[in-house]
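# Commentary on secondary and tertiary structure
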Amino acid sequence: MSSFTSAWGSDTTSFFVNNVGGSSNLTSSVSIIIPTFISVILLWAVFWFVSNHEVNSGIGMISKVLMPLLFILIIIIFLYSFSLPGSFSGISTLFTPNWNALYDIRVWLAAFAQIIFTLSIGQAMVYTYASYLSENTKLIDHVLIVVASNSFYEIFVALGVFSILGYMSLMSSVPLNELITSGPSLIFVVFPQIFNVMGPVGIVLAPLLFLSILFAGFTSSFALFEPLLSSIISKFNLSRKKGVTILACVACIFSLLFATSIGSYLLELVDSFLNEFAILILIGVQSIIFGWFYGLDKVIPVLNEYSTFKVGKKWKFAIKYVLPIIIIVIWIYGIINLFSDATLFELIVDLIITFVVLGLSVFFTKVNIHQ
């Protein structure tokens, strides 16, 4: 709601700290940020209502509306950004590579994390939603379409972001490399500063951008929520309504941790650890299981049956050797860097996440409900 009135004022950093995500300052007492707390409760209430419907009438219907709307909003925002003075310098910076960065393992981990998140690689949602496909689906064709669409969309968004950053650099006389950031700081600190400089146009674009972010987060949450919900309903023989209620309440309680005065800091820690380490190693393990134990020869006929594009020996070689070796090597280097660079608090958070994930995995594996 703040975007409709530019409530952040001239000091966007202070507004973010006090009203949105707090800071990484652990010395101050941890308190609740009321606007974020209320927003979390309201969003989970809406989430609960939509998820009580079946996939096609609930999540499916919402996605059909929100995803095209999200795409339209992003196009409007970034097409305008290309017309801003200084936009070319931003685009030029985007396409001027820093080859030395390829020697930084954190860059590779961040790249893997981005791909893993946007394509949902190695996650249960892929298998859950695949079960709704018809038997004669061209699986490989659809995968290529999704990957290509995702890549083009991300390039387009990057062009828009750097165009806006180039404009802000020109207007504020701040070097562009000092404006480049990621995560909550980019969205909730840098972009409000840009909208302030834009004047009346910024007042129009700001709500559009934050609505886009809201829709993107909403649809992503549904994608993550549904597979876990389906598993819990099946495992414990629950009705959909009861399963949604239990899972939404538990998730809401844990989400309130991010409504504290260190919420954004916790969010960055959890996000980076899960995507860069936890899910990454699981993908490596999955590739080993499918490549060496399950047998890729069982999968290939299913993939190729109706597909225009086919997979064969090269794909098998990549799954069995290339993918697990690259992932495991990068993961090991990443873990070494994590323990050498992380603070004690960050290590404690990472260990808690590890034990919770492993503990829940063992619990759900061991528990059997006899119907």
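The model shown is predicted, which means the values in this text are computed figures rather than measured ones. (Residues numbered from 1 in each chain as written. Predicted model: local features only at pLDDT ≥ 70, side-chain atom pairs only at ≥ 80, totals over all residues. Heavy atoms only, no water.)

## A look at the overall build of the protein chain
- Along its length, the protein chain carries 16 helices and zero strands.
- Its C-alpha atoms give the protein chain principal-axis dimensions of roughly 60 × 45 × 45 Å.
- Split into buried and exposed, the 371 residues of the protein chain put 35% on the buried side.
- At a minimum sequence separation of 6, the contacts of the protein chain that also span at least 24 residues come to 76%. (Helix = DSSP H or I, 4+ residues; strand = E, 2+ residues; numbered from the N terminus. Buried < 20%, exposed > 50% of the residue type's maximum accessible area, 1.4 Å probe, protein only. Contact = heavy atoms within 4.5 Å.)

## Observations regarding the packing of aromatic side chains
- This structure, assessed with the given rule, holds twelve aromatic pairs.
- When the centroid spacing of 6.0 Å and the interplanar angle of 85° are considered together, the rings of Phe-82 and Phe-156 count as edge-to-face. With a gap of 74 residues between them, Phe-82 in the loop between helix 4 (59-81) and helix 5 (87-94) and Phe-156 in helix 8 (residues 139-172) connect regions that are remote in the sequence.
- With relative accessibility at 29%, the residue Phe-82 sits in the partly exposed group.
- Consider the rings of Tyr-265 and Phe-345, whose centres lie 5.8 Å apart with planes at 20°: the pair is stacked. Note that Tyr-265 is positioned in helix 13 (residues 263-294) and Phe-345 in helix 16 (residues 344-366), a separation of 80 residues in sequence.
- Under the relative-accessibility criterion, Tyr-265 is labelled buried at 14%.
- The structure contains a cluster of three or more aromatic residues connected by ring pairs, namely Trp-8, Phe-16, Phe-188 and Phe-210.
- Looking at Lys-320, its charged tip hangs above the ring of Trp-292, at a distance of 4.3 Å from the centre. (Phe/Tyr/Trp six-rings, centres within 6.5 Å; stacked < 30°, edge-to-face > 60°. Lys NZ or Arg CZ within 6 Å of the ring centre and 35° of its normal.)

## Notes on the nonpolar core
- Among the nonpolar cores identified, the biggest contains 29 residues, and Phe-78, Ile-164, Leu-165, Phe-191, Ile-194, Phe-195 and Met-198 are the most heavily contacted of them.
- Broken down by secondary-structure element, the contributors of at least two residues to this core are helix 4, helix 8, helix 9 (176-179), helix 10 (183-198) and helix 11 (200-236).
- Here the element with the most residues in this core is helix 8; it accounts for seven residues.
- Ignoring anything within four residues of it in the chain, the contact list for Phe-78 reads Phe-156, Val-157, Gly-160, Val-161 and Ile-164.
- Val-270, Ile-330, Leu-338 and Val-349 belong to the second-largest nonpolar core, a separate cluster that totals 21 residues. (Core = buried A, V, L, I, M, F, W, Y, C linked by side-chain atoms within 4.5 Å.)

## Examining the environment of Gly-284
- With respect to the element layout, Gly-284 can be found in helix 13.
- Setting aside its immediate chain neighbours within four residues, Gly-284 contacts Pro-324 and Ile-327.

## Looking at the packing of helix 11 against helix 12 (residues 240-255)
- Interaxial distance between helix 11 and helix 12 falls to 10 Å at its minimum, and their mutual angle equals 120°. Of the possible angle classes, the one that applies to helix 11 and helix 12 is oblique. You can see that helix 11 and helix 12 cross each other, and the crossing is right-handed. Contacts between helix 11 and helix 12 involve Phe-225, Glu-226, Leu-228, Leu-229, Ile-232 and Ile-233 from the first element and Arg-240, Gly-243, Val-244, Leu-247 and Ala-248 from the second.
- Here the residues of the contact of helix 11 with helix 12 are counted per class, giving eight nonpolar, one polar and two charged. (Axes fitted to C-alpha atoms, helices over the stretch in contact; angles between N-to-C directions. Parallel < 35°, antiparallel > 145°, perpendicular 65-115°, else oblique. Left-handed = near helix turned anticlockwise from the far one by under 90°. Nonpolar A, V, L, I, M, F, W, Y, C, P; charged D, E, K, R; others polar.)

## Things to note about unusual backbone geometry
- Despite not being glycine, Ser-6 shows a phi value in the positive range, around 55°.
- Take Ser-6: it is sitting in the loop between helix 1 (2-5) and helix 2 (12-19).
- By relative accessible area, Ser-6 is classed as partly exposed at 22%.
- Here the phi dihedral of Asn-237 falls at roughly 55°; this positive angle occurs in a residue that is not glycine.
- Mapped onto the elements of the fold, Asn-237 is located in the loop between helix 11 and helix 12.

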